[in-house]
Amino acid sequence: MKPKIWLSSPHMTGEEMKYINEAFSTNWVAPLGPNVDKFEKNLANYLSVKGGAALSSGTAAIHLALIVLGVKQGDEVICSSFTFAASANPIVYLGATPVFVDSEPETWNMDPVLLEEAIKDRTKSGKKPKAIIVVHLYGMPAKIIEIKAIASKYSVPLIEDAAEAIGSEYNNKKCGSFGDISILSFNGNKIITTSGGGALLSDNMEYVDHARFLSTQAADKAIHYQHSQIGYNYRMSNVLAGIGLGQLEVIGERVASRRKVFSRYFDTLSEIEGIKFNVEPDNNYKSNRWLTTIVIDSDLTDGTTREDIRLGLEKENIESRPLWKPLHIQPVFLSCPSYINDVSYNLFVNGLCLPSGSNLSDNDLNRVIECIFAMLKK
Ligand SMILES: *Cc1c(COP(=O)(O)O)cnc(C)c1O
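Rules behind the numbers
Residue numbers restart at each chain and count upward from 1, following the sequence in its written direction. Reporting of local features is limited, given that this is a predicted model, to residues whose pLDDT is at least 70; pairs of side-chain atoms are given and counted only at 80 or more, and all residues count toward the totals for whole chains, interfaces and linings. Excluding hydrogens and water, the side-chain values take into account all heavy atoms of the structure. The rule is simple: take the accessible area with a 1.4 Å probe, protein chains only, and divide by the maximum for that residue type; under 20% is buried, over 50% is exposed, in between is partly exposed. Each helix corresponds to a stretch of at least 4 residues labelled H or I by DSSP, and each strand to a stretch of at least 2 residues labelled E; elements are numbered beginning at the N terminus. Any two strands with at least two DSSP-identified bridges between them are counted as paired. When the strands point away from the viewer and the path from the first strand over the helix to the second turns clockwise, the crossover is right-handed. Domain start and stop positions are those given by an automatic or database domain assignment. We call two residues in contact when some of their heavy atoms are within 4.5 Å. Accessible area, probed at 1.4 Å, shrinks when two parts are joined; the buried area is that loss added up over both. Each polar contact in these results corresponds to two N or O atoms within 3.5 Å; when the atoms are within protein, one needs to be able to donate a hydrogen and the other to accept it, and residues that are neighboring in sequence are counted only if both atoms are side-chain atoms. Definition of nearness: a residue and a molecule or strand are near each other if at least one heavy atom of the residue lies within 4 Å of the molecule or strand. Residues are grouped as follows: Ala, Val, Leu, Ile, Met, Phe, Trp, Tyr, Cys and Pro are nonpolar; Asp, Glu, Lys and Arg are charged; every other residue, Gly included, is polar. To define a nonpolar core, start from buried Ala, Val, Leu, Ile, Met, Phe, Trp, Tyr and Cys residues and group those joined through side-chain atoms within 4.5 Å. Every angle, taken between N-to-C directions, lies between 0 and 180 degrees, and every axis is a line fitted to C-alpha atoms, over only the stretch in contact when it is a helix. A helix is expected to span 1.5 Å multiplied by its residue count minus one. Note on ring pairs: Phe, Tyr and Trp rings are taken, using the six-membered ring of Trp, and paired if centres are within 6.5 Å. Classes follow the plane angle, with under 30 degrees stacked, over 60 edge-to-face and the rest tilted. Charge-over-ring contacts are defined here by two conditions on Lys NZ or Arg CZ: a distance within 6 Å of the ring centre and an angle within 35 degrees of the ring normal.

This next bit is on the pairing of strand β5 (residues 158-161). Every second residue of β5 is oriented toward a common face, with Leu158 and Glu160 on one face and Ile159 and Asp161 on the other, all of them buried. Here four bridges tie strand β4 (residues 131-135) to β5, and the two strands are oriented parallel to one another. Directly across from valine 134, in β5, lies its bridge partner glutamate 160. In terms of handedness, the path from β4 via helix α6 (residues 144-153) over to β5 forms a crossover that is right-handed. The pairing of β5 with strand β8 (residues 181-185) spans three bridges and is parallel. Counted as the bridge partner of isoleucine 159 is isoleucine 181 from β8.

Structure, rendered in structure tokens:
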């Protein structure tokens, strides 16, 4: 059996150990400490926002963002449908209802036209949405300027789920710096990782301070344990923040490597009939290319489908995955209101994520490309 090629595996530099050793030698092995403070500062600097709270996961960050924005039981929150379930789950933690909005075909992210329709329609039925969660899927920036304009036209706060998009930019401004609040994930499969972790960032320090307070059990300023609010245990540990500090030092290189992976696939495979890539719509868009994705039109491939290609890769010990199953067709969310145009459904049926790690060797990449060629180039 040839060695396994993973979709996206952690890529350490070794520099992380410097910060981890420091945490050990100073005994800062706790959910607070100098690495956490420094990681928060460096993240905020990187995104050019005022501040951030380092947390235990991206999901926790979305949960706290919703609480900070006042989302409560019975409220509605608009969310991209084409995303990972973690984008919407925290809405349900709060007893609120997700309202799903489908994608536009250019970036595959939230369609601004459908978004406006959804806001108007929900408001008419007496439920003005309490927040919007917009996702930059696979690192491709959403039509964030239009979406931000609609959010402010109707005064609905915007949460930017940039879990897959650290290092992506729109018009030279970083994804994660557009929303009223933004969130990042440092899960093991993301472009930089702390093995598990996330962050909430904002220009509004009241939001950041409130989230940080809630993430450490909402302890009042008192020497005894006193609580006036329900809190959470969501803070990032000082050891893991050390990994994050090392990873953040190389974010530029990681983005460059992932973009190179995309280019290599694009340059070799786009000549094959029936394969399409999600190209950046114009020069304002810069995707971090977290994952390279292809869409198969089986009418043009002599009937070879996305699933045939996935299974063919699997036989060669190469991991690939269908695109995210849209949330509006997930069994658990079927009863939620949704505003749909079938763009995400068709991408789900025909789309495939290819191995895209920044640590893929040329040899690995050639194996993937040759395998796809063998299936499609007749
Ligand atoms: C990974 C991911 C999350 C959740 O992040 P975790 O750190 O795994 O909790 C949220 N949204 C999107 C779009 C993601 O890809």
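Picking up after the structure, the text goes on.
Our next topic: the sheet that holds strand β7 (residues 173-174). On the basis of which strands lie adjacent, the open sheet formed by three strands has the order β7-β6-β11 and antiparallel pairing. Every other strand in the sheet has two partners, leaving β7 and β11 (285-286) as the edge strands with one partner each.

Let us now look at the domain arrangement of the protein. What the domain assignment reports for the protein is domain 1 (16-250) and domain 2 (252-377). Between the C-alpha centres of domain 1 and domain 2 there is a distance of 26 Å. Counting residues at the interface gives 49 residues for domain 1, matched by 37 residues for domain 2. In total, about 3800 Å² of surface goes out of reach between domain 1 and domain 2, with carbon and sulfur atoms giving 62% of it.

This brings us to unusual backbone geometry. For serine 48, which is not glycine, the phi torsion reads 55° and is therefore positive. One non-glycine residue, tyrosine 138, lies in positive phi territory at about 55°. Counting through the fold element by element, tyrosine 138 comes out in the loop between β4 and α6. By relative accessible area, tyrosine 138 is classed as buried at 2%.

Right, let's talk about the environment of glutamate 370 for a bit. Topologically, glutamate 370 is positioned in helix α12 (residues 362-376). Owing to a relative accessible area of 54%, glutamate 370 belongs among the exposed residues under this scheme. As for glutamate 370 and threonine 268, which are separated by 102 residues in sequence, their C-alpha atoms are 9.6 Å apart.

Glancing now at the side chain of serine 356. Looking at the secondary structure, you find serine 356 in the loop between β15 (351-354) and α12. In this structure the side chain of serine 356 is engaged in a polar contact, spanning 2.5 Å, whose partner is the backbone oxygen of leucine 354.

Before going further, it helps to spend a moment on the site of the ligand. Around the ligand there are 15 residues in total, and Gly58, Thr59, Glu164, Ser185 and Lys190 lie nearest to it. In this structure, an oxygen atom belonging to the ligand sits 2.6 Å away from a side-chain N or O atom of glutamate 164. Separating an oxygen atom of the ligand from a backbone N or O atom of glycine 197 is a distance of 3.5 Å. Of the residues contributing to the shell around the ligand, the split by class is four nonpolar, eight polar and three charged.

Take the nonpolar core next. Within the largest apolar cluster, 37 residues are counted, with the highest numbers of intra-cluster contacts made by Phe39, Leu43, Tyr138, Ile166, Leu184, Phe186 and Leu201. Listing elements by their share of this core, those giving two or more residues are α2 (34-47), β9 (198-202), α8 (238-248), α9 (251-269) and α11 (343-350). Considering every element that reaches this core, the biggest residue donor is α2, with five residues. The residues that make up this core include at least three from each of domain 1 (16-250) and domain 2 (252-377). Leaving out residues up to four positions away in the same chain, isoleucine 166 has contacts with Leu43, Tyr46, Leu184, Phe186, Ile191, Ile192, Leu248, Ile251, Val255 and Asn288.

Counting through the fold element by element, serine 81 comes out in the loop between β2 (76-80) and α4 (89-93). Ignoring anything within four residues of it in the chain, the contact list for serine 81 reads Phe100, Val101, Asp102, Pro326, Leu327 and His328.

Quick look at the sheet that holds β15 now. Picture the strands of a sheet paired through backbone hydrogen bonds; they go either parallel or antiparallel. Spatial strand order, β10-β12-β15-β13: four strands in an open sheet with antiparallel pairing. In this open sheet, the two edge strands, each paired with only one partner strand, are β10 (275-277) and β13 (321-322). In terms of strand pairing, β10 meets strand β12 (residues 292-296) through three bridges, oriented antiparallel. Across the sheet, lysine 276 pairs through a bridge with valine 295, a residue of β12. Most of the contacts of α11 go to β15, to which it runs at about 60°, and overall it touches β12 and β15.

It helps to recall that an α-helix has 3.6 residues per turn; residues three or four apart then point in one direction. The end-to-end C-alpha separation of α12 is 21 Å, in line with the 21 Å expected for 15 residues at 1.5 Å each. Regarding α12, the residues found buried are Leu365, Arg367, Val368, Ile369, Cys371, Ile372, Met375 and Leu376.

In this section: α9. With 19 residues, α9 ought to run about 27 Å at 1.5 Å a step, and its terminal C-alpha atoms sit 27 Å apart, in line with that. Where α9 is concerned, the buried positions are Ile251, Arg254, Val255, Arg258, Val261, Phe262, Tyr265, Thr268 and Leu269. Along its buried surface, α9 packs onto α2, α8, β10, β12, β15 and α12.

In this structure the tally under the stated criterion is eleven aromatic pairs. Of note, lysine 173 hangs over the ring of phenylalanine 178, and the distance from its end group to the ring centre comes to 5.0 Å. One cation-aromatic arrangement involves lysine 190 over tryptophan 290; the distance from NZ or CZ to the ring centre is 5.8 Å.

Note on placement: glycine 357 falls in the loop between β15 and α12. Those residues in contact with glycine 357 that lie beyond four places of it in its chain are Leu7, Ser8, Arg258 and Val261.

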